[in-house]
Amino acid sequence: MSRKKLNIGLFGFGCVGFGLYEVLQKTPGLKANIKNICVKDKNKAREISSDHFTFDKNDIFNDPEINVIVELIDDADAAFEIVSTALKSGKAVVSANKKMIAEHFTELLELQRKYNVPLLYEAACCASMPIIRNLEEYYDNDLLESIEGIVNGSTNYILTKTFKDNISYDEALAEAQQKGFAESNPILDTGGFDAKYKLLILLAHSFGFIAQPDELFNIGINNIGDLELKYAREKGLKIKLVAQAFKTKEGAISAFVLPKFVDAENRLFHVDDVFNGVITKTSFADTQFFVGKGAGAHPTASAVLSDISALSYDYQYEY
Ligand code: HSE
């Protein structure tokens, strides 16, 4: 199959944006180049020449040569504005914004159908671990029973560090922020909200179940205290922030995010640091286990890169 040439208009040049810029320099096989980058802050010092940047989003939307918008900004409301404008202009979109996708799933689906343009977001869920396209394609005709996993890198990093290295919660969180794993507002990570947005995306692609963030419970790691850590150590357990969804006997979907004690028999016990791990259970394939880095510049950029590559073949989710 021949590959389409892609001219990218990039929104945002933070940790992942710069990561994408770097990985694209190293993938000459892919005919994709970043034509223009839209950023907000005119005064910020950046790693590359100012010739690459614009401060006016219309320079990107009105450029007929730009056929792909890659949205990597932090603000979910501004991201929705960018993504919906792009889809309405017939430009394909790649986004890593889980909050924006989880909050606007139905509207985004309608826009894709109405304007017949794809929106891909592998990076929005578990960064480098290819889970959405596997759910979409590999399990297309299998019957999914449950999905369970660690889907937030920062909290897994914090739990690992406080447990193994015995450093304080605040120090571990500061490390996760310094390494570019945490959200700018880290309560999204520690409160289990980021994990819930990802679970909502997984639910849509696994069970075809679309729900709003308010409809699911999320309990984070911010209230785990010394008592729970002591209990886990004494019993040879670990605490993991687990996102879980399964079909009940009555056929309803139950889904939530909460910290759990796990023992060494559980595969998630062995998923540490910034890694994410997801266990699927299906009727025919039985149990499968995915693992990969769940945050960080290059791991997240690798998922964005994979979506860009998929767009060069005109791939789109079937839903
Ligand atoms: N803050 C997120 C995490 C980034 O720690 O998993 C990747 O989605």
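Shown above is the structure to which this text applies.
Residues numbered from 1 in each chain as written. Predicted model: local features only at pLDDT ≥ 70, side-chain atom pairs only at ≥ 80, totals over all residues. Heavy atoms only, no water.

1. Things to note about the pattern of salt bridges
Considering all chains together, one arrives at 16 salt bridges under this definition. Note that lysine 4 is salt-bridged to aspartate 314, the shortest N-O span being 2.7 Å. Linking lysine 4 in the segment before strand 1 (6-11) with aspartate 314 in the segment after helix 12 (297-312), this pair joins segments that are 310 residues apart in sequence. Between lysine 98 and glutamate 183 there is a salt bridge, with its nearest N and O atoms 2.8 Å apart. In this pair, lysine 98 is assigned in helix 4 (residues 98-103) and glutamate 183 in the loop between helix 8 (169-178) and helix 9 (187-190), connecting sequence segments 85 residues apart. Of the residues examined, lysine 98 reaches a relative accessible area of 14% and is grouped as buried. We classify glutamate 183 as buried; its relative accessible area is 16%. Here the salt bridges share partners, and the residues they tie into one network are Lys98, Glu183, Asp194 and Lys198. (Salt bridge = Lys/Arg side-chain N within 4 Å of Asp/Glu carboxyl O. Helix = DSSP H or I, 4+ residues; strand = E, 2+ residues; numbered from the N terminus. Buried < 20%, exposed > 50% of the residue type's maximum accessible area, 1.4 Å probe, protein only.)

2. Structural notes on the packing of helix 3 (residues 76-88) against helix 5 (residues 105-115)
Interaxial distance between helix 3 and helix 5 falls to 9 Å at its minimum, and their mutual angle equals 20 degrees. Between helix 3 and helix 5, the interaxial angle falls into the category roughly parallel. As helix 3 packs across helix 5, the resulting crossing turns out to be left-handed. Between helix 3 and helix 5, the contacting residues are Phe80, Val83, Ser84, Leu87 and Lys88 on the first element and Glu107, Leu108, Leu111, Gln112 and Tyr115 on the second. For the contact of helix 3 with helix 5, the per-class residue count stands at six nonpolar, two polar and two charged. (Axes fitted to C-alpha atoms, helices over the stretch in contact; angles between N-to-C directions. Parallel < 35°, antiparallel > 145°, perpendicular 65-115°, else oblique. Left-handed = near helix turned anticlockwise from the far one by under 90°. Contact = heavy atoms within 4.5 Å. Nonpolar A, V, L, I, M, F, W, Y, C, P; charged D, E, K, R; others polar.)

3. Digging into the site of the ligand
Lys98, Asn152, Gly153, Ser154, Phe181, Ala182, Glu183, Asp189, Asp194, Lys198, Gly294 and Ala295 make up every residue found near the ligand. In the model, a nitrogen atom of the ligand is placed 2.7 Å from a nitrogen or oxygen of the aspartate 189 side chain. For the ligand, an oxygen atom lies 2.9 Å from a polar atom in the side chain of lysine 198. Compared with its free state, where it exposes 250 Å², the ligand has 93% of that area covered by protein. When contributions to the shell around the ligand are tallied by element, the ones reaching two or more residues are helix 7 (153-165) and helix 10 (193-206). Partitioning the shell around the ligand into residue classes produces three nonpolar, four polar and five charged. (Near = heavy atom within 4 Å. Polar contact = N/O pair within 3.5 Å; in protein donor to acceptor, adjacent residues only side chain to side chain. Areas by Shrake-Rupley, 256 points an atom, 1.4 Å probe, with all protein chains shown as cover.)

4. Quick word on the packing of aromatic side chains
Enumeration over the complete set of coordinates arrives at 14 aromatic pairs. Measuring from ring centre to ring centre gives 5.7 Å for phenylalanine 13 and phenylalanine 18, while their planes differ by 70 degrees; the resulting arrangement is edge-to-face. Taken together, Phe105, Tyr121, Tyr315, Tyr317 and Tyr319 form an aromatic cluster joined through their ring pairs. Taking the ring centre of phenylalanine 53 as reference, the NZ or CZ of arginine 46 above it sits at 5.2 Å. It is lysine 238 that lies over the ring of phenylalanine 269; its NZ or CZ is 4.4 Å from the centre. (Phe/Tyr/Trp six-rings, centres within 6.5 Å; stacked < 30°, edge-to-face > 60°. Lys NZ or Arg CZ within 6 Å of the ring centre and 35° of its normal.)

5. Digging into the pairing of strand 12 (residues 286-293)
In terms of strand pairing, strand 11 (residues 275-282) meets strand 12 through eight bridges, oriented antiparallel. Its bridge partner being in strand 12, threonine 280 is matched across the sheet by glutamine 288. Between the antiparallel neighbours strand 11 and strand 12 lie three residues. (Pairing = 2+ DSSP bridges.)

6. Re the sheet that holds strand 11
Strand order across the open sheet formed by six strands is 8-10-9-7-11-12, with mixed pairing between neighbours. In this open sheet, the two edge strands, each paired with only one partner strand, are strand 8 (217-218) and strand 12. Summarising the sheet, strand 7 (residues 144-150) and strand 11 pair through six bridges and their orientation is antiparallel. Residue pairing for strand 11: isoleucine 150 is matched across the bridge by glycine 277.

7. As for the layout of surface pockets
Of the volumes computed, that of the largest pocket is approximately 1200 Å³. Taken together, 48 residues form the lining of the largest pocket, with Leu72, Ile73, Asp74, Asp75 and Ser184 sitting closest to its centre. For the lining of the largest pocket, the secondary structure elements donating two or more residues are helix 1 (15-25), helix 3, helix 4, helix 7, helix 9 and helix 10. Tallied by class, residues from the lining of the largest pocket come to 20 nonpolar, 13 polar and 15 charged. (1 Å grid on protein atoms, 1.4 Å probe; cavity = no way out; pocket = protein on both sides within 12 Å on 5 of 7 lines; lining within 4 Å. Points joined across faces, edges and corners; volume = space filled by probe spheres on them.)

8. So, empty space enclosed by the protein
Tallied over the entire structure, the rule returns one cavity of 30 Å³ or more. Taken as a whole, the largest cavity spans an internal volume of roughly 70 Å³. Around the largest cavity, the lining residues are Leu159, Thr160, Phe163, Lys164, Leu229, Lys238, Ile239, Lys240 and Asp272. For the lining of the largest cavity, the secondary structure elements donating two or more residues are helix 7 and strand 9 (238-247). For the lining of the largest cavity, the class distribution of residues is four nonpolar, one polar and four charged.

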